[in-house]
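Single-letter residue listing:
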Amino acid sequence: MHVSMRKLVIQAKLPNVTLLLLLSVTAFVINVAVAAKDLPKSFSKCKRDANFDKCLVDAVNEAIQVLKSGNEDFHIPILDPLHVKSLVVEAGTPPINLKQTLKNLQVHHIISSTKIQRYRTKLEKYLIVCDSLTKRIEMLGDYEMSGRILLLPITGSGKGNLTLVDAQIEHRLIGEPYEKDGRRYMRLNDYQITMNPRRVYMHFDNLFNDALLSQTMNRFLNDNWETVFNELKGGYSKSFGSIFRDISNLIFEKVPMDEIFLS
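Summary of the structure given here. (Residues numbered from 1 in each chain as written. Predicted model: local features only at pLDDT ≥ 70, side-chain atom pairs only at ≥ 80, totals over all residues. Heavy atoms only, no water.)

## Considering the packing of aromatic side chains
Part 1 of the argument: Under the counting rule described, the total for this entry stands at three aromatic pairs.
Part 2 of the argument: Between Phe 229 and Tyr 236, the aromatic rings sit 6.2 Å apart at their centres with planes inclined by 20 degrees, giving stacked as the arrangement.
Part 3 of the argument: For the cation-ring pair, Lys 180 lies above Tyr 185, with the distance from its terminal atom to the ring centre recorded as 4.7 Å.
Part 4 of the argument: Here Arg 187 stacks its cationic end above the ring of Tyr 178, 4.0 Å away from the centre of that ring. (Phe/Tyr/Trp six-rings, centres within 6.5 Å; stacked < 30°, edge-to-face > 60°. Lys NZ or Arg CZ within 6 Å of the ring centre and 35° of its normal.)

Have a look at this one:
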């Protein structure tokens with residue numbers, strides 16, 4: 001069954017210290033605006049040459065595992081689990097008309113199970129594209145939900161679990177240059193994410209405030225996971241993309257381009 005989504009309402013908030021996973025790591029790997037002696041010794045550095053994209057793949061795969069427990073020198077919090085304060089996704093096109101509000105999310109395995117597969121950089125156009133495979137993303141937190149799925153009403157609030165398995169993710173970062181104090185910087189205008197998991201599992205406690213109905217609806221959601229998630233994944237992608245753009249700009253707007261991307 002093909003389902004289209006025409007309307008999305010997205011909100012996302014994270015603590016100010018929350019880090020953009022891939023871009024900030026990339027910035028660190030290729031020599032951000034601190035002296036090299038302050039960088040973790042285990043980090044590889046990449047020069048902008050014919051081998052640049054391949055170098056980034058190897059270097060970032062090493063670095064994200066180092067950083068998953070956080071780094072006080074760079075004010076990096078614990079990244080796995082990653083804390084998300086609030087996430088709101090709404091799909092408004094039949095047969096799915098649904099609003100999900102997720103709060104106090106703990107996102108597990110988003111780093112420990114991630115493998116960067118390919119970079120495709122066009123720095124002259126201020127474009128960075130990255131492909132990754134994340135074996136498991138598990139989102140645990142409080143939820144509120146109301147609406148209809150395939151003509152069936154659904155409502156509830158309580159604890160929720162949304163788990164993505166073998167998620168192929170494309171990260172597309174679109175920036176623009178600007179100058180400050182005579183130095184060139186890059187600011188991200190957009191961060192686009194496309195997520196394609198092999199399987200999604202969902203469980204929401206207390207649907208309809210009835211144990212039997214809740215069990216039945218959770219079974220229905222998992223039996224029809226592809227239809228349900230395909231309608232909602234654009235909302236999740238836009239939410240996380242917005243978060244990553246704003247957080248990554250905290251780095252790019254402070255670090256000149258020639259100190260991030262080595263000549």
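## Describing the side chain of Asn 61
Part 1 of the argument: Inspection of the secondary structure puts Asn 61 in helix 2 (residues 52-67).
Part 2 of the argument: A distance of 3.1 Å separates a polar atom in the side chain of Asn 61 from the backbone oxygen of Val 57. (Helix = DSSP H or I, 4+ residues; strand = E, 2+ residues; numbered from the N terminus. Polar contact = N/O pair within 3.5 Å; in protein donor to acceptor, adjacent residues only side chain to side chain.)

## Here we look at the nonpolar core
Part 1 of the argument: Formed by 62 residues in total, the largest nonpolar core has its most connected members in Met 139 and Tyr 236.
Part 2 of the argument: The element that contributes the greatest number of residues to this core is helix 4 (residues 225-252), accounting for nine residues. (Core = buried A, V, L, I, M, F, W, Y, C linked by side-chain atoms within 4.5 Å. Buried < 20%, exposed > 50% of the residue type's maximum accessible area, 1.4 Å probe, protein only.)

## Describing the pairing of strand 7 (residues 183-204)
Part 1 of the argument: Pairing of strand 6 (residues 152-180) with strand 7 involves 20 bridges; the strand directions are antiparallel. Bridged to Asn 161 within strand 7 is His 203.
Part 2 of the argument: If you look at the hairpin formed by strand 6 and strand 7, you'll find two residues sitting between the two strands, and Asp 181 has a positive phi there, around 55 degrees. (Pairing = 2+ DSSP bridges.)

## Some points on the environment of Cys 130
Part 1 of the argument: Structurally, Cys 130 can be placed in strand 5 (residues 127-149).
Part 2 of the argument: Given the relative accessible area of 2%, Cys 130 is considered buried.
Part 3 of the argument: Taking the C-alpha atoms as reference, Cys 130 lies 7.6 Å from Gln 117; in sequence the two are 13 residues apart.

## Some words on helix 3 (residues 211-223)
Part 1 of the argument: For helix 3, spanning 13 residues, the distance from its first C-alpha to its last is 18 Å, which sits close to the expected 18 Å at 1.5 Å a residue.
Part 2 of the argument: Of the residues making up helix 3, those classed as buried are Ser 214, Met 217, Asn 218, Leu 221 and Asn 222. Projection of helix 3 onto a plane perpendicular to its axis shows the buried side chains occupying an angular sector of 135 degrees, all on one side. Pointing more than 90 degrees away from the buried face of helix 3 are the exposed residues Leu 212 and Asp 223.
Part 3 of the argument: In this structure Asp 210 caps helix 3, since a side-chain oxygen of it lies 3.1 Å from the backbone nitrogen of Leu 212. (Expected span 1.5 Å × (residues − 1). Arc of directions from axis to C-beta.)

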